Amino acid sequence: MIDYKLLVKEAYEAQKQSYCPYSHWAVGAALLTESGKIYRGCNIENNTFTPTICAERTAIFKAVSEGERRFVAIAIVGNDVNAEIGTADVCPPCGVCRQVMAEFCPMDFEIVLGRSYDDWEVYTLGELLPKVSFPLK
Ligand code: THU
């Protein structure tokens, strides 16, 4: 049983580290592994834009680089840095992050989109990335 509330809280903790001086859009992610560990990630922007990395990929790459490859869920929160938590809509993952998820995660991998500490929506990777080429699982 996934503790969605805890995962969303972890995503908000991750969001505090967001480096987003260009977009002012702060994103946090918390990735749950099969072994029960949680890896946090935030978006990290760059003056030349292209090297910018999303919160989701930061979390996934952190985990993979630590030897983890089996994931069950990720919580994602995102809002303008000046917005109060709970006043923005959910922040679904971009296409690149969905593709990276498809590399490591099963189609029933759960994507938890947080709107506030107590409000979230849950989707599967298969719902957000249907008809993917060469799904691994
Ligand atoms: N971003 C993420 O980190 N994750 C998402 O799901 C959407 C977009 C980041 C990238 C960029 O730093 C900022 O949000 C605006 O697009």
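Further up the page is the structure itself.
Rules behind the numbers
Residues numbered from 1 in each chain as written. Predicted model: local features only at pLDDT ≥ 70, side-chain atom pairs only at ≥ 80, totals over all residues. Heavy atoms only, no water. Helix = DSSP H or I, 4+ residues; strand = E, 2+ residues; numbered from the N terminus. Contact = heavy atoms within 4.5 Å. Buried < 20%, exposed > 50% of the residue type's maximum accessible area, 1.4 Å probe, protein only. Pairing = 2+ DSSP bridges. Right-handed = clockwise from strand over helix to strand, strands pointing away. Core = buried A, V, L, I, M, F, W, Y, C linked by side-chain atoms within 4.5 Å.

Draft legend 1. Structural detail: the side chain of Thr 33. Take Thr 33: it is sitting in strand β1 (residues 25-33). Apart from the residues within four sequence positions on either side, Thr 33 is in contact with Tyr 39, Glu 68, Arg 70, Phe 71 and Val 72.

Draft legend 2. Layout of the pairing of strand β3 (residues 71-80). Here β3 lies mainly inside the structure; eight of its ten residues are buried. As defined by bridge partners, β1 adjoins β3 across nine bridges and the pair is classed as antiparallel. Within β3, the position partnered with Thr 33 by the bridge is Phe 71. Here four bridges tie β3 to strand β4 (residues 110-116), and the two strands are oriented parallel to one another. In the sheet register, Ile 76 faces β4, and the bridge partner there is Leu 113. After leaving β3, the chain enters helix α3 (residues 95-104) and then returns to the sheet as β4, a path that is right-handed.

Draft legend 3. Just the nonpolar core, in detail. In terms of nonpolar packing, the biggest core is built from 25 residues, with Leu 31, Phe 71, Ile 74, Met 101, Phe 109, Ile 111 and Leu 125 touching the most fellow members. Elements with a contribution of two residues or more to this core: β1, α2 (55-65), β3, α3, β4 and α4 (125-128). Among residues more than four places away in sequence, those in contact with Phe 109 are Leu 31, Phe 71, Val 72, Ala 73, Ile 74, Met 101, Tyr 123, Thr 124 and Leu 125. Core analysis: the next-biggest nonpolar cluster, separate from the first, contains eleven residues, Val 8, Ala 30, Val 77 and Val 112 among them.

Purely geometric numbers; function is a separate question.
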